[in-house]
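Residue-level structural notes
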Amino acid sequence: MSIEDLAQTAQALVAAGKGIIALDESPATLGKRFEAVGVANSGDNRRAWREVVLTTPGLGEYISGAILHEETLRQSSADGVSFAQVLAGAGILPGIKVDTGTHPLAGFPGETVTEGLDGLRGRLKEAYRLGARFAKWRAVIRIGEDTPSGTCIDANAHALARYAALCQEQGLVPIVEPEVLMDGDHDIESCYEVTEITLRGLFDALYNQQVMFEGTILKASMVLPGSDCAEQAEVDEVAEATLMCLRSAVPAILPGIVFLSGGQSDEDATAHLDAMNRLRPHPWPLSFSYGRAMQQAALKVWAGNPAGQAGKAQEILLGRARANSLAALGEWDGQG
Ligand code: 13P
């Protein structure tokens, strides 16, 4: 796969007014989302929910790519069309989450490292065969009294860079996601500092592993006060802090940056993205790769009546996609 092909895929993922939907929750995580709305965590229910999302009429107008769990990449719609084909038919690129989750970092209580490098080359080859054209790996950085440690940042950056290099070798665009968690009572300045050092460490590691930035997408967390911080921030403050942090740590050659929602309300996730894009020009397109902020309202409606509420759930999902698409243009009208 040439760098031109990878760059083309990366650019398609961040095309103007388009963003990514993340529905790559592991069966256990989706089970937690289901439990909150009273749905049993069975394979049938997981497949049925994925079908509601992926067959939403008109989704391709706002969505460039969908990040799937491996389970979903191997599944099909009720009519027997593989989900990868369903997406291709809608003009949406299929992607796959390939990390195998976070594990305690030995010697560093409370910190984690994301695993999944063993056998990754073969898994990427297979994912490509099944139709995936991009991948995701999520590292988790937690802000605490004495965390994150430099060791945690380095270990996660190294794994992200090894993953990214393997993706490019196998023809998939890597989305690199170092999520600085919102959990905690830290202030926005601490989040800024930790995000900046995390991103600097990540781009150093990517450079050392000869990852081609032109064929890489960053999935970033926004610079926010912790969810338990007494002093919450205005929308413009979040937008300005996030932009300054990204400008200071992310190379301009990167084709684009997409954000995770990370536990923000649907409205905040959209408002923050919109505010950032109203401050354009920026070196890169800024768009979304939301999981909860795309799906949670629709899931709630579907859960009430899985057999009868698919259409209503899809309408709500499409409304969220439209709102976030407008925010990616800095033109959100406050609806959805
Ligand atoms: P949230 O938008 O729900 O944070 O999920 C995005 C994601 O894919 C995290 O890896």
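The structure under discussion appears in the preceding block.
Everything numeric here is computed off the predicted structure, so don't read it as measured data.

1. As for the sheet that holds strand β10 (residues 286–290)
- Read around the closed barrel, the eight strands follow the order β1-β2-β3-β6-β7-β8-β9-β10; overall the barrel is parallel. Mean inter-strand twist for the sheet, computed between neighbouring axes without regard to direction, equals 25°.
- For strand β1 (residues 19–23) and β10, the ladder comprises two bridges, and the chain directions are parallel. Pairing of I20 across the sheet is with S289, part of β10.
- Along the sheet, helix α12 (residues 310–328) makes contact with β1, β2 (63–68) and β10, crossing β10 at roughly 155°.

2. Regarding the site of the ligand
- Taken together, 13 residues lie near the ligand, and K136, K219, S261, G262 and R292 sit nearest.
- Between the ligand and G291 there is a distance of 2.8 Å, counted from an oxygen atom to a backbone nitrogen or oxygen.
- For the ligand, the accessible surface in isolation is 300 Å², of which the surrounding protein chains cover 92%.
- Of all the secondary structure elements, the ones that give two or more residues to the shell around the ligand are β6 (134–141) and β10.

3. Focus on helix α6 (residues 120–129)
- Along α6, the positions that sit buried rather than exposed are L120, L124 and A127. Seen end-on, α6 carries its buried residues on one side only, within an arc spanning 60°.
- Buried positions along α6 lie against α4 (70–73), β3 (93–97), β6 and α7 (150–169).
- G131, located one to two residues past α6, shows a positive phi value of around 115°.

4. Here we look at helix α11 (residues 292–304)
- Along its 13 residues, α11 runs 18 Å from first to last C-alpha, staying within 8% of the 18 Å computed at 1.5 Å per residue.
- Of all the bends in α11, the greatest, near 25°, is centred on A298.
- Inspection of α11 places A293, M294, Q295, A298, L299, W302 and A303 among the buried residues, and these make up the whole buried set.

Rules of the game
- Residues numbered from 1 in each chain as written.
- Predicted model: local features only at pLDDT ≥ 70, side-chain atom pairs only at ≥ 80, totals over all residues.
- Heavy atoms only, no water.
- Pairing = 2+ DSSP bridges.
- Helix = DSSP H or I, 4+ residues; strand = E, 2+ residues; numbered from the N terminus.
- Axes fitted to C-alpha atoms, helices over the stretch in contact; angles between N-to-C directions.
- Contact = heavy atoms within 4.5 Å.
- Near = heavy atom within 4 Å.
- Polar contact = N/O pair within 3.5 Å; in protein donor to acceptor, adjacent residues only side chain to side chain.
- Areas by Shrake-Rupley, 256 points an atom, 1.4 Å probe, with all protein chains shown as cover.
- Buried < 20%, exposed > 50% of the residue type's maximum accessible area, 1.4 Å probe, protein only.
- Arc of directions from axis to C-beta.
- Expected span 1.5 Å × (residues − 1).
- Bend = angle between axes of the 7 residues up to and from the residue.

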